[in-house]
Amino acid sequence: MIQFYFLSVALNLVCGLALVLPDRSHQWKLLDHLDAILSDAGLRGALGVLGVVTGALTIISPIQGDVPFVGDLLPSFTSALAGLVLLLELRSDRQDKANTASPEGTSEAPGQVPSPSSRRKLRGVLVESGRIIGLFAILAGLAHFLFPLELFL
């Protein structure tokens, strides 16, 4: 459907900007304003959820005339991955705040099962490479916008 196509392009661009812009000084005022808007935790969470959902829906529902599944593989993957990184950043920020607030300094809440170290390492790698993933999401969104029916774009 064309609506998912639009959402895929828009969310690739916005999620990519949300991952690339924060924690940097910007030469232009427009980027400073975008950075201030995209740094809001609620907006980042909503973008994360929308990115993951749109990535899944873009795979399921390709636009008319496109090759099913393969035609939208790159933009749906980058949208879902950028959304996942945004959600993981939010989770790690909340855990950091909980760690500083708890007197013992434990990272796990009472009754919560600690996550395996491999999952923690994967989460760390994804969060650390957020800018690279954001750049790929921006590039995939632009390519998907400029070349709508090309295979693998």
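For the structure given in this document, a descriptive report is provided here. Here the residue index of a chain counts from 1 through its sequence in written order. Where totals are concerned, whole chains, interfaces and linings use all residues; where local detail is concerned, this predicted model gives features only for residues with pLDDT of at least 70, and gives and counts side-chain atom pairs only at 80 or more. Hydrogen atoms and water are omitted, and side-chain values are computed over all heavy atoms in the structure.

A look at the overall build of the protein
To be explicit about the condition: Numbering goes from the N terminus for both helices and strands, where a helix is a DSSP run of H or I of at least four residues and a strand is a run of E of at least two. Think of it in three bands: residues with accessible area under 20% of the maximum for their type are buried, residues over 50% are exposed, and the middle band is partly exposed, with areas taken using a 1.4 Å probe on protein chains only. It only takes one pair of heavy atoms within 4.5 Å for two residues to be counted as in contact. Methods summary: accessible areas were calculated by the Shrake-Rupley approach with a probe of 1.4 Å, and residue burial reflects only the protein chains presented.
When its secondary structure is counted, the protein shows 6 helices and 0 strands. Taken from N to C terminus, the helices and strands of the protein fall in the order α-α-α-α-α-α. Across the 153 residues that make up the protein, the buried fraction comes to 37%. Taking contacts inside the protein between residues at least 6 apart in sequence as the whole, the part at least 24 apart equals 77%. Carbon and sulfur atoms form 70% of the exposed surface of the protein, whose accessible area is close to 9300 Å².

A few points about the side chain of asparagine 12
Let me state the cut-off plainly: Think of a polar contact as two N or O atoms within 3.5 Å of one another; within protein, one of them needs to be a possible hydrogen donor and the other a possible acceptor, and neighboring residues in sequence only count if both atoms come from side chains.
Along the chain, asparagine 12 falls in helix H1 (residues 2-20). What makes asparagine 12 buried here is its relative accessible area of 0%. At a separation of 3.1 Å, a polar atom in the side chain of asparagine 12 contacts the main-chain amide nitrogen of serine 79. Each residue touching asparagine 12, except ones within four places of it in the same chain, is listed here: Leu7, Pro75, Thr78, Ser79, Ala137, Ile138 and Gly141.

As for the packing of H1 against helix H6 (residues 130-146)
Spelled out, the test is: Convention adopted: a line fitted to C-alpha atoms gives each axis, helices being fitted over their contacting stretch, and angles between N-to-C directions are expressed from 0 to 180 degrees. Reported orientations rely on four angle classes, namely roughly parallel under 35 degrees, roughly antiparallel over 145, roughly perpendicular from 65 to 115, and oblique for the rest. Helix crossings get a hand from a simple test, with the near helix turned counterclockwise from the far one by less than a right angle marking a left-handed crossing and a clockwise turn marking a right-handed one. The residue classification treats Ala, Val, Leu, Ile, Met, Phe, Trp, Tyr, Cys and Pro as nonpolar and Asp, Glu, Lys and Arg as charged. All others, Gly included, are polar.
In contact at an axis separation of 7 Å, H1 and H6 are set at 150 degrees when each is read in the N-to-C sense. As summarised for this structure, H1 and H6 are arranged roughly antiparallel, according to the angle between their axes. Taken as a pair, H1 and H6 cross one another with a handedness that is left-handed. Contacts between H1 and H6 involve Tyr5, Ser8, Val9, Asn12, Leu13, Gly16, Leu17, Leu19 and Val20 from the first element and Gly130, Arg131, Ile133, Gly134, Leu135, Ala137, Ile138, Gly141, Leu142, His144 and Phe145 from the second. Looking at the contact of H1 with H6 residue by residue, the classes come out as 12 nonpolar, 7 polar and 1 charged.

With respect to the side chain of serine 8
If you trace the backbone, serine 8 turns up in helix H1. Overall, serine 8 belongs to the buried group, its relative accessible area being 1%. Once residues lying within four places of it in the same chain are set aside, the contact partners of serine 8 are Thr54, Thr58, Pro75 and His144.

Focus: the pattern of salt bridges
Put simply, the test is: When a carboxyl oxygen of Asp or Glu lies within 4 Å of a side-chain nitrogen of Lys or Arg, that pair is called a salt bridge.
Counted according to the given criterion, the structure contains 1 salt bridge. Notably, a salt bridge pairs arginine 44 with glutamate 89, separated by 2.5 Å at the nearest N-O pair. One end of the pair, arginine 44, is in helix H3 (residues 41-60); the other, glutamate 89, is in helix H4 (residues 73-101), and 45 residues separate them in sequence. Looking at glutamate 89, the relative accessible area reads 15%, which means it is buried.

Here's the deal with H3
The condition that has to hold: Working rule for helices: expected span equals 1.5 Å times residues minus one.
Taking 1.5 Å per residue as the helical rise, H3 with its 20 residues ought to reach 28 Å, and the 29 Å between its terminal C-alpha atoms agrees with that figure. Buried within H3 we find Arg44, Gly45, Leu47, Gly48, Gly51, Thr54, Gly55 and Thr58.

Regarding a nonpolar patch on the surface
Put simply, the rule is: Surface patches are defined over residues having more than 30% relative accessible area and no salt bridge, joining like charges when they lie within 9 Å and nonpolar side chains (Val, Leu, Ile, Met, Phe, Trp, Tyr) when within 5 Å.
On the surface, Ile132, Leu135, Phe136 and Leu139 cluster together to form a nonpolar patch covering roughly 410 Å² of accessible area. Tracing the chain through its elements places phenylalanine 136 in helix H6.

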